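# Coordinates in review
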Amino acid sequence: MTGGRKVLAIGLVLMVATLVIVTRAAWSGRLESGYVAFNAGEYAEAKHHLNLIADLGDSKAQQLMSYMCGLGLGQPVDFGEAIYWMRKRADRSEHRESIGEQAYFLGAAAVDGL
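Residues numbered from 1 in each chain as written. Predicted model: local features only at pLDDT ≥ 70, side-chain atom pairs only at ≥ 80, totals over all residues. Heavy atoms only, no water.

### Structural notes on the overall build of the protein
Note the cut-off: Helix and strand assignments come from DSSP, with helices taken as H or I runs of at least 4 residues and strands as E runs of at least 2, each series counted from the N terminus. The cut-offs for exposure are 20% and 50% of the maximum accessible area for each residue type, with area from a 1.4 Å probe on protein chains only; residues under the lower value are buried, those over the upper are exposed, and the others partly exposed. Two residues form a contact once any of their heavy atoms are found within 4.5 Å. The protein chains shown are the only cover counted for residues, whose accessible areas, like all others here, come from Shrake-Rupley with a 1.4 Å probe.
Along the protein, the regular secondary structure elements total five helices and zero strands. Ordered by position from N to C terminus, the α and β elements of the protein give α-α-α-α-α. Expressed as a percentage of the 114 residues in the protein, the buried residues total 29%. When contacts within the protein are restricted to residue pairs at least 6 apart in sequence, those whose partners lie at least 24 apart make up 44%. Summed over all atoms, the accessible surface of the protein reaches about 7,300 Å², with 63% contributed by carbon and sulfur.

### So, a nonpolar patch on the surface
Short version of the rule: Note that patches include only residues with greater than 30% relative accessible area and no salt bridge, and the join distances are 9 Å for like charges and 5 Å for nonpolar side chains (Val, Leu, Ile, Met, Phe, Trp, Tyr). The rule for a salt bridge is simple: a side-chain nitrogen of Lys or Arg has to be within 4 Å of a carboxyl oxygen of Asp or Glu.
Judged by side-chain polarity, Val 77, Phe 79 and Ile 83 come together as a nonpolar surface patch covering roughly 250 Å² of accessible area. Note on placement: Ile 83 falls in helix α4 (residues 79-90).

### Brief notes about the environment of Gly 72
Summarising the element assignment, Gly 72 is placed in the loop between α3 (59-71) and α4. Look at Gly 72 and you get partly exposed, because its relative accessible area is 24%. Taking the C-alpha atoms as reference points, Gly 72 and Ala 82, 10 residues apart in sequence, are found 9.6 Å from one another. Here Gly 72 is in contact with Tyr 67 and Val 77, once residues within four sequence places are set aside.

### Some words on the nonpolar core
One broad rule of soluble globular proteins: the nonpolar side chains tend to lie buried together. Put simply, the test is: Side-chain atoms within 4.5 Å link the members of a nonpolar core, which is a set of buried Ala, Val, Leu, Ile, Met, Phe, Trp, Tyr and Cys residues.
One finds Ala 46, Leu 50, Ala 61, Met 65 and Met 68 to be the most contacted residues of the largest nonpolar core, which totals 14 residues. When residues of this core are traced back to their parent elements, those giving at least two are α1 (3-39), α2 (43-55), α3 and α4. Excluding residues that lie within four positions of it along the chain, Ala 46 makes contacts with Gly 34, Ala 37, Phe 38 and Met 68.

### Some details on α3
We apply this condition: One fewer than the residue count of a helix, multiplied by 1.5 Å, yields its expected span. Polar contact criterion, stated in full: a pair of N or O atoms within 3.5 Å, where within protein one must be able to donate a hydrogen and the other to accept it, and residues adjacent in sequence count only if both atoms are side-chain atoms.
Its 13 residues place the ends of α3 18 Å apart at the C-alpha level, agreeing with the 18 Å of an ideal helix rising 1.5 Å per residue. Within α3, 11 of the 13 residues are buried, leaving the element largely enclosed by the surrounding structure. Regarding α3, its N-cap is Asp 58, as a side-chain oxygen of that residue lies 3.1 Å from the backbone nitrogen of Lys 60 further along. Just beyond α3, the residue with positive phi is Gly 72, at close to 70°.

### So, the environment of Gly 41
Tracing the backbone through its elements, the reader meets Gly 41 in the loop between α1 and α2. The class for Gly 41 is partly exposed, based on a relative accessible area of 36%. A C-alpha to C-alpha distance of 8.2 Å links Gly 41 and Leu 73, two positions 32 residues apart in sequence.

### Brief notes about the packing of aromatic side chains
The criterion, for reference: Two rings belonging to Phe, Tyr or Trp (six-membered ring only in the last case) form a pair when the distance between their centres is within 6.5 Å. Interplanar angles under 30 degrees mark stacking, angles over 60 mark edge-to-face geometry, and anything in between is tilted.
On inspection of all chains with the given rule, the structure shows two aromatic pairs. Here the aromatic rings of Phe 38 and Tyr 43 are separated by 5.5 Å at their centres, their planes lie at 75°, and the arrangement is edge-to-face. Note on Tyr 43: relative accessible area 23%, which makes it partly exposed. With a centroid separation of 4.9 Å and 75° between ring planes, the pair formed by Tyr 84 and Trp 85 is classed as edge-to-face.

On their own, these measurements won't tell you what the molecule is for.
This is the structure we're talking about:
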């Protein structure tokens, strides 16, 4: 590899690393903003922050989206969308066992009239 190609390769690696760092910081900020809004009962604001990162695969955001949809927090109850988020979260191997727990919680909440 010539000197020019090495410099180009190093520049490319640094650019990709910077992009990853900036993206992670933005993702983390949206997740934090979503948690704050969720805990404050501002569910429309929470959904605004969490929806994008849930779509991108964040399991915590997917779980909160499932709860908000299934319990009608900040929106009409939508069990179909709640199950969508449960299944999307369960597609990740480390969360496969949690789909039953989430479904139980949402079903119990629905029976209790929440």
